[in-house]
Amino acid sequence: MSNPDQIQRFVFDNAQVRGVITGIQESYAEVLSRDSYPRPVQILLGELLAACALFSTILKFEGRLSIQARTEGALKMIQAECNHQADLRAIARWEGEISDDDSAISLLQQGGQMAITIEPEQGQRYQGVVALEGDTLAACLQEYFNRSEQLPTRIHLSANGIDAAGMMLQVLPESAESSQQDEDCWNRLDHLVATLSDEELLGLDNETVLTRLFHEEEVRVFPVQDLRFHCDCSRERCGSALVSLAREELEEILSEQPVLEVSCQFCNERYEFDRSDIEVLFNPGAIAGDNQQIH
């Protein structure tokens, strides 16, 4: 397959176009191991992971990029994220029956709305809404860049429940006012990527894919970057989330059970907070237990 759990960028020396290709295997398996997802949801999670990996190469700062959709159908929520360190994670929530015959895009189009969110560690959060009007997830995301970012873009995503992969070609931002010659180059490259099959993208390594597609072009590839499944949840972040709730509500829960358990929706890691922990969260100067530490 496209080099598993890696991202590789490339550019064309004879055209103002950049590209990136990714393959995801172990990270994909880690995500799917968290729940018994219906097959169409497995496919969609793989495609979202690949899309996030591709789009993360556009980030010029430390932060994260996420793609999230919520629908009025059986698939209530699905989300994938990738940060500047190439850490991936994803999750989906559904209710009722989802048939193996359901297409991935049909799950999203049941009154759904999708957004791409960029969250810098320092700076302003940005969110763009993706219209779910294409016949594939790749087509919807592709049209988002064509319309909202005004950057001609070609995206190919594929997943089969074991492997996921993606390729993206995009005109460089500084070439927005392109010459006719640049436009001809883009049309040629766009046509070549359109010939790429799911079987080739999932089954061949990066070098073979790029050679087959662009053997007549001047392609310069960059070193690969490793991807991994990693969840950045922490006890501190869970505690901060609890502080956003009413203390009376937390006290009521603790009156019925000895500890309050918080689970990360992405990795299922569990964090426990007892009454003394809650006291410290709301009064940082308080002493929690004999060890003066949050449990």
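This report concerns the structure included in the present document. (Residues numbered from 1 in each chain as written. Predicted model: local features only at pLDDT ≥ 70, side-chain atom pairs only at ≥ 80, totals over all residues. Heavy atoms only, no water.)

1. Structural notes on the sheet that holds strand E5 (residues 87-94)
Backbone-to-backbone hydrogen bonds join strands into a sheet, with any given pair of strands oriented parallel or antiparallel.
Thinking step 1. Spatially, E7-E6-E3-E4-E5-E12 is the arrangement adopted by the 6 strands of the open sheet, whose pairing is mixed. What marks the edges here is a single partner per strand, and that holds for strand E7 (126-130) and strand E12 (228-229).
Thinking step 2. Here strand E3 (residues 63-70) runs beside strand E6 (residues 113-120); their pairing, made up of 8 bridges, is antiparallel. Pairing of Leu 65 across the sheet is with Ile 118, part of E6.
Thinking step 3. The strands touched by helix H4 (residues 137-149) within the sheet are E3, E6 and E7, with E7 carrying the most contacts at an inclination of about 120°. (Pairing = 2+ DSSP bridges. Helix = DSSP H or I, 4+ residues; strand = E, 2+ residues; numbered from the N terminus. Contact = heavy atoms within 4.5 Å. Axes fitted to C-alpha atoms, helices over the stretch in contact; angles between N-to-C directions.)

2. Section: the pattern of salt bridges
Thinking step 1. Scanning the model with the defined rule gives 12 salt bridges in all.
Thinking step 2. One salt bridge connects Arg 125 with Glu 119, and the closest N-O pair in it is separated by 3.9 Å.
Thinking step 3. Accessibility expressed as a relative area gives 51% for Arg 125, which makes it exposed.
Thinking step 4. Classification of Glu 119 as partly exposed rests on a relative accessible area of 32%. (Salt bridge = Lys/Arg side-chain N within 4 Å of Asp/Glu carboxyl O. Buried < 20%, exposed > 50% of the residue type's maximum accessible area, 1.4 Å probe, protein only.)

3. A look at the layout of surface pockets
Thinking step 1. Space inside the largest pocket adds up to approximately 550 Å³.
Thinking step 2. Lining the largest pocket are 27 residues; nearest its centre among them are Gln 68, Gln 79, Glu 81, Gln 265 and Phe 266.
Thinking step 3. Broken down by secondary-structure element, the contributors of at least two residues to the lining of the largest pocket are E3, strand E4 (75-83), E6, E7, helix H8 (235-243) and strand E13 (260-263).
Thinking step 4. For the lining of the largest pocket, the per-class residue count stands at 10 nonpolar, 10 polar and 7 charged.
Thinking step 5. Empty space within the second largest pocket amounts to approximately 360 Å³.
Thinking step 6. Residue lining of the second largest pocket: 25 residues in total, with Arg 9, Ser 56, Thr 57, Ile 58 and Lys 60 positioned closest to the centre.
Thinking step 7. Those elements that provide at least two residues to the lining of the second largest pocket are strand E1 (6-12), strand E2 (17-24) and strand E9 (164-171).
Thinking step 8. The greatest single-element share of the lining of the second largest pocket, amounting to 5 residues, is contributed by E1.
Thinking step 9. Of the residues assigned to the lining of the second largest pocket, the class counts are 13 nonpolar, 9 polar and 3 charged. (1 Å grid on protein atoms, 1.4 Å probe; cavity = no way out; pocket = protein on both sides within 12 Å on 5 of 7 lines; lining within 4 Å. Points joined across faces, edges and corners; volume = space filled by probe spheres on them. Nonpolar A, V, L, I, M, F, W, Y, C, P; charged D, E, K, R; others polar.)

4. Side note on the side chain of Ser 56
Thinking step 1. By the element assignment, Ser 56 lies in helix H2 (residues 39-56).
Thinking step 2. With residues near it in sequence (within four places) discarded, Ser 56 still touches Ile 7, Cys 82 and Asn 83.

5. Some remarks on empty space enclosed by the protein
Thinking step 1. Tallied over the full model, the rule gives 1 cavity of 30 Å³ or more.
Thinking step 2. Roughly 60 Å³ of internal volume is contained in the largest cavity.
Thinking step 3. If you go around the largest cavity, the residues you meet are Arg 64, Glu 81, Cys 82, Asn 83, Asp 87, Leu 88, Arg 89, His 230, Cys 231 and Asp 232.
Thinking step 4. Mapped onto the lining of the largest cavity, the elements with two or more residues apiece are E4 and E5.
Thinking step 5. Its residues assigned to classes, the lining of the largest cavity comprises 3 nonpolar, 2 polar and 5 charged.

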